Amino acid sequence: MLGRQWCHVSADHLKKELAQTLSPIANIESAIVRAQESRYIEPVLEVLGAHKIESMDFSDYEGATIVHDLNEPVPDTLKGKFSCIFDGGTTEHVFNFPQAIKNAMEMVAVGGHFLGVVPANNFSGHGFYQFSPDIYWRIFSEPNGYEVEEMSVCETHHGAPCYSIDDPEKLGRRVEFTNSRPTYLMVRARRLWQSEIFKSVPQQTYYTVKWSSQIDTVNLLSRRASLREWAKQTLRESVKKSLRPLMPLRRQLRFSGFKKI
């Protein structure tokens with residue numbers, strides 16, 4: 001674990017979710033009790049199959065087993081050591097995010113997984129960063145020895161639907177999600193082989209597509225601006241007034257490149 005993760009789920013809800021995920025196991029209730037008492041998730045991870053659990057943090061104030069500043073490279077002894085690295089909401093608090101995520105990727109053994117649950121929308125002020133899907137698609141890619149197995153977003157309130165996310169590179173356009181509630185981005189990526197991570201700096205897909213297709217972006221934006229200006233000057237005020245009430249509704253939830261799960 002990057003950071004020692006708390007158990008924020010109620011006992012009843014946790015029991016229900018584990019029962020759906022696992023075959024009947026006698027120690028589920030015991031694990032839930034221990035997680036609730038300690039407030040940390042190690043007992044739940046053990047029920048899910050973890051044999052040995054380590055946690056890394058900047059200090060030992062929460063009892064992390066490895067004390068390390070993720071702004072700095074991890075020692076070689078930790079590289080390729082773990083079958084799974086779980087970022088349950090730590091890297092957004094690390095100023096040097098490229099180094100922090102590189103550390104996480106280097107600590108995963110070949111064949112192992114990175115699991116991330118990080119803030120996407122409406123978490124401004126929670127950490128240093130909020131993340132778009134594109135950065136994780138580009139980071140966990142073959143040049144870096146990884147592949148994304150699953151990526152989705154979900155609002156934080158109970159019962160909210162999840163949406164799977166397509167790769168912008170495959171779509172050839174931006175993948176965007178605009179809403180008005182706190183939203184998590186969830187990633188599962190597998191390490192395929194050892195590779196020099198970030199040997200080539202990731203670039204945002206939207207622009208690499210533009211560069212490769214040699215579209216005159218300046219002219220495109222100019223035409224779009226001209227059309228907006230024409231609409232402002234030409235449309236009657238009555239039409240504008242009828243359209244304005246619809247704008248807040250449009251901003252509540254807008255997505256492109258997402259599919260409801």
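Residue numbering note: each chain is counted from 1, following its sequence as written. Only residues with pLDDT of at least 70 get local features here, since the model is predicted, and only at 80 or more are side-chain atom pairs given and counted; chain-wide, interface and lining totals rely on the full set of residues. Hydrogens and water are ignored here; the side-chain numbers use all heavy atoms of the structure.

Regarding the overall build of the protein
And then number 1: A run of DSSP states H or I qualifies as a helix once it reaches four residues; a run of E qualifies as a strand once it reaches two. Both are numbered from the N-terminal end. Check the secondary structure of the protein and you find 10 helices and 10 strands.
And then number 2: Counting across all 261 residues of the protein, residues that qualify as buried make up 36%.
And then number 3: The contact rule is simple, with two residues in contact once any of their heavy atoms fall within 4.5 Å. Of all intrachain contacts in the protein linking residues separated by at least 6 positions in sequence, the fraction that spans at least 24 positions is 75%.
And then number 4: Working definition of accessibility: Shrake-Rupley area with a 1.4 Å probe, residue cover restricted to the visible protein chains. Of the roughly 15800 Å² of accessible surface on the protein, a fraction of 53% belongs to carbon and sulfur atoms. Only protein chains enter the accessibility calculation, which uses a 1.4 Å probe; a residue whose area is less than 20% of its type maximum is buried, one above 50% is exposed, and one in between is partly exposed.

Some points on the packing of helix H1 (residues 11-21) against helix H2 (residues 28-38)
And then number 1: Axis definition: a line fitted to C-alpha atoms, over the contacting stretch in the case of helices. Angles run 0 to 180 degrees between N-to-C directions. In contact at an axis separation of 10 Å, H1 and H2 are set at 140° when each is read in the N-to-C sense. Like other packed secondary-structure pairs, H1 and H2 cross with a definite hand, here right-handed. Between H1 and H2, the residues in contact are Ala11, Leu14, Lys15 and Leu18 and Ile28, Glu29, Ile32 and Gln36, respectively.
And then number 2: For the contact of H1 with H2, a count of residues per class yields five nonpolar, one polar and two charged. Left-handed is the label given to a crossing in which the near helix is rotated counterclockwise from the far helix by less than a right angle, and right-handed is the label when the rotation is clockwise. Note that Gly is not counted as nonpolar here; it falls among the polar residues with everything else outside the nonpolar set of Ala, Val, Leu, Ile, Met, Phe, Trp, Tyr, Cys and Pro and the charged set of Asp, Glu, Lys and Arg.

Quick look at unusual backbone geometry
And then number 1: Not every positive phi belongs to a glycine, and asparagine 122 is a case in point at roughly 65°.
And then number 2: Looking at the element boundaries, asparagine 122 is found in the loop between strand S4 (108-121) and helix H5 (133-139).

Examining the packing of aromatic side chains
And then number 1: Two rings belonging to Phe, Tyr or Trp (six-membered ring only in the last case) form a pair when the distance between their centres is within 6.5 Å. Interplanar angles under 30 degrees mark stacking, angles over 60 mark edge-to-face geometry, and anything in between is tilted. Under the defined criterion, the tally for this structure stands at 12 aromatic pairs.
And then number 2: Through a chain of ring-to-ring contacts, the aromatic side chains of Phe95, Phe97, Phe114, Phe128, Tyr129, Phe131, Tyr136, Phe140 and Tyr146 assemble into a single cluster.
And then number 3: One cation-aromatic arrangement involves arginine 4 over tyrosine 40; the distance from NZ or CZ to the ring centre is 3.8 Å. Charge-over-ring placement is defined geometrically: NZ (Lys) or CZ (Arg) within 6 Å of the ring centre, and within 35 degrees of the ring normal.

Some thoughts on the pattern of salt bridges
And then number 1: One side-chain nitrogen of Lys or Arg within 4 Å of one carboxyl oxygen of Asp or Glu is enough to make a salt bridge. By the definition in use, this model includes 13 salt bridges.
And then number 2: Of the charged contacts in the structure, one is a salt bridge between glutamate 169 and arginine 138, with a shortest N-O distance of 3.8 Å. Taken together, the residues span a long stretch of sequence, with glutamate 169 in helix H6 (residues 168-171) and arginine 138 in helix H5 at a distance of 31 residues.
And then number 3: Taken together, the shared-partner salt bridges connect Glu147, Glu149, Glu150, Arg188 and Arg190 into one network.

Some words on the confidence of the model for the protein
And then number 1: The pLDDT value expresses, per residue, how confident the predictor is, ranging between 0 and 100. Summary statistics for the protein give a mean pLDDT of 85 and a share of 83% for residues scoring 70 or more.
And then number 2: For the protein, per-element mean pLDDT is lowest for helix H10 (residues 246-252), which scores 52, and highest for helix H4 (residues 97-107), which scores 98.

Focus: the sheet that holds strand S5 (residues 146-155)
And then number 1: Two strands are counted as paired when DSSP detects at least two bridges linking them. A sheet is described by the order of its strands in space; here six strands give the open sequence S3-S4-S8-S5-S6-S10, paired in mixed fashion. Among the strands making up the open sheet, the edge pair consists of strand S3 (82-87) and strand S10 (258-260). The sheet shows a mean angle of 20° between the axes of neighbouring strands, direction not considered.
And then number 2: The sheet contact formed by S4 and strand S8 (residues 183-191) spans eight bridges and is antiparallel. Looking at S8, one finds that phenylalanine 114 is bridged to alanine 189.
And then number 3: Packed onto the sheet, H4 meets S3, S4, S5 and S8 and runs at close to 150° relative to S4.

Let's talk about the nonpolar core
And then number 1: Counting 38 residues, the largest nonpolar core has Ile101, Tyr136, Phe140 and Leu185 as its most contacted members.
And then number 2: Sorting the residues of this core by element identifies S3, H4, S4, H5, S5, strand S6 (162-165) and S8 as the ones contributing at least two each.
And then number 3: A total of six residues in this core trace back to one element, the largest contributor, which is H4.
And then number 4: For phenylalanine 140, the residues in contact, after removing those within four places along its chain, are Ile101, Met105, Phe114, Tyr146, Glu147, Val148 and Ala189.
And then number 5: Met1, Leu14, Val44 and Val47 belong to the second largest nonpolar core, which has 11 residues in total. We call a set of buried residues a nonpolar core when its members are Ala, Val, Leu, Ile, Met, Phe, Trp, Tyr or Cys and they connect through side-chain atoms within 4.5 Å of each other.

Section: the pairing of S8
And then number 1: Burial along S8 is one-sided: the residues Thr183, Leu185, Val187, Ala189 and Arg191 are buried and none of Tyr184, Met186, Arg188 and Arg190 is.
And then number 2: In terms of strand pairing, S5 meets S8 through nine bridges, oriented antiparallel. In the sheet register, valine 148 faces S8, and the bridge partner there is alanine 189.

Here's the deal with the environment of threonine 205
And then number 1: Relative to the helices and strands, threonine 205 is located in helix H7 (residues 205-213).
And then number 2: A sequence separation of 34 residues divides threonine 205 from leucine 171, and the C-alpha atoms of the two residues are 9.7 Å apart.
And then number 3: Here threonine 205 is in contact with Asp134, Arg138, Pro168 and Glu169, once residues within four sequence places are set aside.

Some details on the environment of leucine 14
And then number 1: The topology assignment puts leucine 14 in helix H1.
And then number 2: Given a relative accessible area of 10%, leucine 14 falls into the buried group.
And then number 3: Considering only alpha carbons, one finds leucine 14 and isoleucine 32, 18 residues apart in sequence, at a separation of 7.3 Å.
And then number 4: Beyond its immediate sequence surroundings of up to four residues, leucine 14 is in contact with Cys7, Val9, Ile32 and Val44.

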